[in-house]
Amino acid sequence: METIVAIATAPGRGGVGIVRLSGKQSVVIAEAICGKLGEPRFAKFSNFRDHDGEIIDSGVVLFFPNPASFTGEDVIEIQGHGSPLVLDRLCQRAISLGARMARPGEFSERAFLNNKMDLAQAEAVADLIDSSTEQAARSAMRSLQGVFSDRVNDLLTQLTALRMYVEAAIDFADEEIDFLAEAAVDEQVKGLLKVVDGITSSAQQGRLLREGMSVVLAGQPNAGKSSLHNQLAGHDAAIVTEVAGTTRDILREQIHLGGLPLRISDTAGLHDSTDLVEQEGIRRTQNEIAQADHILLVIDDNQGMTEKDEQIRSELPQHIPLTIIRNKIDKQAKSASLIQEGADTVLSLSAKTAEGMDLLEKHLCDSVGYHPEDEGVFIARRRHLDALARARHAIEMGYNCLAGMGAGELLAEELRQAQLALGEITGTFSNEDLLDKIFSSFCIGK
């Protein structure tokens, strides 16, 4: 493989900046820039020179020989001052000596290709960097350490053993004993489904930690959406006045509830308007609502559910979970509550006094099945959940074929399909397009 180079530290100025090299020519290139390298994994102070011998910078250089390195290749880290100009000059010097600029995620991709980590662990590198909460960071580290992969591999081992047994039983179909009719086979298949469900539950928690939840506040003007937004945000992010239509654009805030990342969007009030600016705000509100994970329809509790509120609710997307927020209960000295009114979930609160906010925060976490106390969670992505769902469907289909028709051949085939689906998670089975898509989302230098 070609030798690659990239800046490994974040863009901008800093006290320290790192340029990373990986590949067969790393040592030759590094010695041309830094002089003789020191012992592997020991920092050596050096001057970094250009092709004329002029000193570009000075700092330390570290050598990680293959295969005991992040990528499994010879890796060099040149650590100098964090000036973007200096770091760029070091990269250009390495390129002039035969390296090329790394693609986004190419260092992690090489680590995967050289069996230094599996695909789920490689993705966890990017997820750890992108973590926005302490829980997300800890879960990403669990995935990086192989917790997720170990559970998937254990499941694959069980799947393989059962598939081998089923195929062996098919080969001895002429024997008097029907091996596939034994209760043990039935129990093993049910056991596999239970294991898949357990992994899926943890993966769903991990996906929420990684991607968070998008909540949109919708309703008529002056219902108290901006006050509710400010309570959730913990500061006065939105302007609050008695004038209807104060909010004319989407106001977004990123917070977290017990470790769950939450994106709140305060929107323009939904009503008929001839004002061009308000019309544009309403159009943007409708677009924001269409992309939400959860909608909070805010109404004025003193007026109750008006005809206009009913109209707004009828026009909201039916597939997105909805909670009706009866705001301003402080005006009638009512208590906060969370009740079910027919098909509607109704939460009464006061955005002004904060009464009922604890109910709302717990309700939002419960609505997506998030449990902040779960310490066994590992970070996961939508593609992992999709693979687990396909594996479960295949195992269930195989079970039905065996139970309904005694078709061992179909069970064996469905178990094979489940193996392929699970193999996509760790990269045991993966196609080139999938790898390109995954690693292209990484930052350059990682």
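Cut-offs applied
Residues numbered from 1 in each chain as written. Predicted model: local features only at pLDDT ≥ 70, side-chain atom pairs only at ≥ 80, totals over all residues. Heavy atoms only, no water. Core = buried A, V, L, I, M, F, W, Y, C linked by side-chain atoms within 4.5 Å. Buried < 20%, exposed > 50% of the residue type's maximum accessible area, 1.4 Å probe, protein only. Helix = DSSP H or I, 4+ residues; strand = E, 2+ residues; numbered from the N terminus. Contact = heavy atoms within 4.5 Å. pLDDT = per-residue confidence, 0-100. Pairing = 2+ DSSP bridges. Axes fitted to C-alpha atoms, helices over the stretch in contact; angles between N-to-C directions. Right-handed = clockwise from strand over helix to strand, strands pointing away. Phe/Tyr/Trp six-rings, centres within 6.5 Å; stacked < 30°, edge-to-face > 60°. Parallel < 35°, antiparallel > 145°, perpendicular 65-115°, else oblique. Nonpolar A, V, L, I, M, F, W, Y, C, P; charged D, E, K, R; others polar.

Q: Teacher, can you tell me more about the nonpolar core here?
A: General note: in soluble globular proteins, nonpolar side chains tend to be found buried as a group. Of all hydrophobic cores here, the largest spans 32 residues; its most connected members are Phe148, Ile395, Leu415, Leu422 and Ile425. In terms of residues, this core owes the most to one element, helix α12 (residues 382–405), which gives eight residues. Those residues within four positions of leucine 422 in sequence are excluded, and the remaining contacts are Val152, Leu155, Leu156, Leu159, Leu388 and Ala391. The next biggest cluster of nonpolar side chains, apart from the first, holds 29 residues, and it includes Leu217, Ile264, Cys365 and Val377.

Q: Before we go on, may I ask you to explain helix α3 (residues 106–113) in this structure?
A: Helical periodicity: at 3.6 residues per turn, an α-helix aligns residues three or four positions apart in one direction. For α3, the buried fraction is high: seven of the eight residues fall into the buried class. Within α3, the full set of buried residues consists of Glu106, Phe107, Ser108, Glu109, Arg110, Ala111 and Phe112. One or two steps after α3, the chain reaches asparagine 115, where phi turns positive at roughly 60°.

Q: It is not clear to me how the confidence of the model for the protein should be interpreted in this structure. Could you clarify?
A: Predicted coordinates in regions of low pLDDT should not be interpreted in detail. Considering every residue of the protein, the mean pLDDT works out to 85; 87% of them sit at 70 or more. Predicted confidence is poor over residues 237–248, with pLDDT under 50, and the contacts of this stretch with residues over four places away or in other chains come to 32 contacts.

Q: Could you clarify how one ought to interpret the sheet that holds strand β8 (residues 251–257) in this entry?
A: By definition, the strands of a sheet pair up through backbone hydrogen bonds, in either a parallel or an antiparallel sense. On the basis of which strands lie adjacent, the open sheet formed by seven strands has the order β8-β9-β7-β10-β11-β13-β12 and mixed pairing. Strands with a single pairing partner mark the edges of an open sheet, and in this sheet they are β8 and β12 (337–341). Strand-to-strand twist in this sheet, taken as the mean axis angle between neighbours without regard to direction, amounts to 25°. Across five bridges, strand β7 (residues 213–219) lies against strand β10 (residues 294–300) in parallel orientation. Looking across to β10, one finds that glycine 219 is bridged to valine 298.

Q: How should the pairing of strand β11 (residues 322–327) be read in this particular structure?
A: Walk down a regular strand and you will see the side chains alternate between the two sheet faces. The element β11 is extensively covered by neighbouring structure, given that five of its six residues are classed as buried. Note: β10 against β11, six bridges, orientation parallel. Bridging from a neighbouring strand, aspartate 300 pairs with asparagine 327 of β11. Tracing the backbone out of β10, into helix α10 (residues 307–315) and back to the parallel element β11 gives a crossover that is right-handed. With three bridges joining them, β11 and strand β13 (residues 344–348) adopt parallel strand pairing. Opposite isoleucine 324, over in β13, you have valine 346 as the bridge partner.

Q: Hey, could you run me through the side chain of glutamine 419 in this one?
A: Of note, glutamine 419 is situated in helix α13 (residues 408–426). Residue classification places glutamine 419 among the buried positions, given a relative accessible area of 14%. Not counting the four nearest positions on each side in its chain, glutamine 419 is found in contact with Leu156, Leu159, Thr160 and Arg163.

Q: What am I meant to see in the packing of aromatic side chains here?
A: Working definition: an aromatic ring pair is given by the centre-to-centre distance plus the angle between the planes. Scanning the entire structure with this criterion turns up two aromatic pairs. Summarising the aromatic geometry, the rings of phenylalanine 112 and phenylalanine 439 are spaced 6.3 Å apart at their centres and angled 35° between planes, so their arrangement reads as tilted. Taken as a pair, phenylalanine 112 in helix α3 and phenylalanine 439 in helix α14 (residues 432–439) lie far apart in primary sequence, 327 residues in all. Judged by relative accessible area, phenylalanine 439 falls into the buried class, the value being 1%. Taking the centre distance of 4.3 Å and the plane angle of 10° together, the rings of phenylalanine 148 and phenylalanine 378 count as stacked. In this pair, phenylalanine 148 is assigned in helix α6 (residues 147–171) and phenylalanine 378 in the loop between α11 (357–367) and α12, connecting sequence segments 230 residues apart.

Q: Help me understand the packing of helix α8 (residues 225–233) against α11, please; the structure alone is not making it clear to me.
A: Between α8 and α11, the least distance of the axes is 11 Å, while the angle of their chain directions is 75°. Considering their axes alone, α8 and α11 lie roughly perpendicular with respect to each other. Seen from α8, the contacting residues are Leu228, Gln231 and Leu232; seen from α11, they are Met357, Leu360 and Glu361. Among the residues making up the contact of α8 with α11, the classes are represented as four nonpolar, one polar and one charged.

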